[in-house]
Amino acid sequence: MMNESDIRKYAGLMQELGLTGLEITEDNRVVRLERTAPAVVKESAAVSAVIPAAPAAPAARENTNEISVKSPLVGVFYASPAENAAPYVALGDRVRKGQILCIVEAMKLMNEITAEEDGVISEICVTNGQVVEFGTELFRIKR
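Residues numbered from 1 in each chain as written. Predicted model: local features only at pLDDT ≥ 70, side-chain atom pairs only at ≥ 80, totals over all residues. Heavy atoms only, no water.

Examining the overall build of the chain
The following threshold applies: The numbering of helices and of strands both runs from the N terminus, where a helix is a DSSP run of H or I of at least 4 residues and a strand a run of E of at least 2. Summary of the burial criterion: residues with accessible area below 20% of their type's maximum are buried, those above 50% are exposed, and those between are partly exposed, where the area comes from a 1.4 Å probe applied to protein chains only. Here, two residues are considered to be in contact whenever any of their heavy atoms come within 4.5 Å of each other. In this description, accessible areas are obtained by the Shrake-Rupley approach with a 1.4 Å probe, and a residue is regarded as covered only by the protein chains that are shown.
Scanning the chain for helices and strands turns up 1 helix and 12 strands. Ordered by position from N to C terminus, the α and β elements of the chain give α-β-β-β-β-β-β-β-β-β-β-β-β. Put simply, the chain has 143 residues, and 37% of those count as buried. Here the analysis covers contacts within the chain between residues at least 6 apart in sequence; of these, 51% occur between residues at least 24 apart. Of the accessible surface of the chain, which amounts to about 8,200 Å², a share of 51% is contributed by carbon and sulfur atoms.

Things to note about unusual backbone geometry
In this model, M107 sits at a positive phi of 50°, which is unusual for a non-glycine residue. By the secondary structure assignment, M107 is in the loop between strand 8 (100-106) and strand 9 (109-114).

So, a nonpolar patch on the surface
Using the following cut-off: Residues qualify for a patch when their relative accessible area is over 30% and they have no salt bridge, like charges being joined within 9 Å and the nonpolar side chains of Val, Leu, Ile, Met, Phe, Trp and Tyr within 5 Å. Whenever a carboxyl oxygen of Asp or Glu lies within 4 Å of a side-chain nitrogen of Lys or Arg, that contact is scored as a salt bridge.
The grouping of L13, L17 and L19 at the surface amounts to a nonpolar patch, some 250 Å² of accessible area in total. Its place among the elements puts L17 in helix 1 (residues 4-17).

Details of the packing of aromatic side chains
Going by this rule: Aromatic rings from Phe, Tyr and Trp, taking only the six-membered ring of Trp, are treated as a pair when their centres fall within 6.5 Å; an angle between ring planes under 30 degrees marks them as stacked, one over 60 as edge-to-face, and anything in between as tilted.
Evaluation of the coordinates by the stated rule reveals 1 aromatic pair. Between the aromatic rings of F77 and F139, the centroid separation amounts to 6.0 Å while the plane-to-plane angle is 55°, which identifies the pairing as tilted. Of this pair, F77 sits in strand 6 (residues 75-78) while F139 sits in strand 12 (residues 137-142), placing them 62 residues apart in sequence. Judged by its relative accessible area of 1%, F77 is buried.

Focus on the pairing of strand 1 (residues 21-26)
Here is the rule we go by: The criterion for strand pairing is that DSSP finds at least two bridges linking the strands in question.
Sheet analysis places strand 1 next to strand 2 (residues 29-34), joined by 6 bridges and oriented antiparallel. The partner of G21 across the bridge, within strand 2, is E34. Taking the residues between adjacent antiparallel strands as the criterion, strand 1 and strand 2 are bridged by 2 residues, where D27 takes a positive phi near 50°.

Describing helix 1
This is how it is decided: A helix is expected to reach a length of 1.5 Å times the quantity of its residues less one. This arc corresponds to the set of directions leading from the helix axis out to the C-beta atoms.
With 14 residues, helix 1 ought to run about 20 Å at 1.5 Å a step, and its terminal C-alpha atoms sit 20 Å apart, in line with that. What helix 1 keeps buried is the set I7, A11 and M14. Looking down the long axis of helix 1, one finds its buried residues gathered within 55° of arc, a one-sided arrangement. Exposed and facing more than 90 degrees away from the buried side of helix 1 are R8, K9, E16 and L17. Packing partners of the buried residues in helix 1 comprise strand 1 and strand 2. Immediately downstream of helix 1, the backbone of G18 shows phi near 75°, a positive value.

Concerning the confidence of the model for the chain
We count it as follows: Per residue, pLDDT measures the predictor's confidence, with a range of 0 to 100.
Chain-level statistics for the chain give a pLDDT mean of 80 and a share of 78% at 70 or above. Here residues 54-61 scores under 50 on pLDDT; set against residues more than four positions off or in separate chains, the count is 19 contacts.

Describing the nonpolar core
Inside soluble globular proteins, nonpolar side chains tend to come together where they are buried. Inclusion rule: Buried residues of nine kinds, namely Ala, Val, Leu, Ile, Met, Phe, Trp, Tyr and Cys, make up a nonpolar core once their side-chain atoms join them within 4.5 Å.
Core analysis: the largest hydrophobic core is formed by 19 residues, its most contacted members being F77, V95, L101, I121, L138, F139 and I141. Considering each element in turn, this core owes the most residues, 4 residues, to strand 8. Counting residues in hydrophobic clusters, the runner-up holds 5 residues, among them I7, M14, I24 and V31.

Some details on the environment of S122
Tracing the backbone shows S122 in strand 10 (residues 119-124). Residue S122 is classed as partly exposed on the basis of its relative accessible area, which comes to 29%. Residues S122 and K142 lie 20 residues apart in sequence; the distance between their C-alpha atoms is 5.8 Å.

Structure below.
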């Protein structure tokens, strides 16, 4: 597994060379780093891997009783595992830490987004099939 110092080393190399993207495969894991105007580093894992909600996410909002689940990558938001399947979560559902909330598809990779804390879904901020950016708020969870 790639550690934080390796990721920082690659991010520095990207900045030095003016690259906007870099993909590294190591031990059957794929790590993709991308950056935009202000350097933003993103990681995506292999097909059907579990990815925590964004770095430091879910971030505390002004209301400390709610947490925000943000997209850790650019992709397409899917509320359910299949087209005609029930959504992973609905408004008002109680969720547990580690529970799958949705999928964000990026470059044909299905990335499961999980809850970082227990709580109740108080808002679903995006719609099924919507393209989301890095940091787009997906859910609000009331603690």
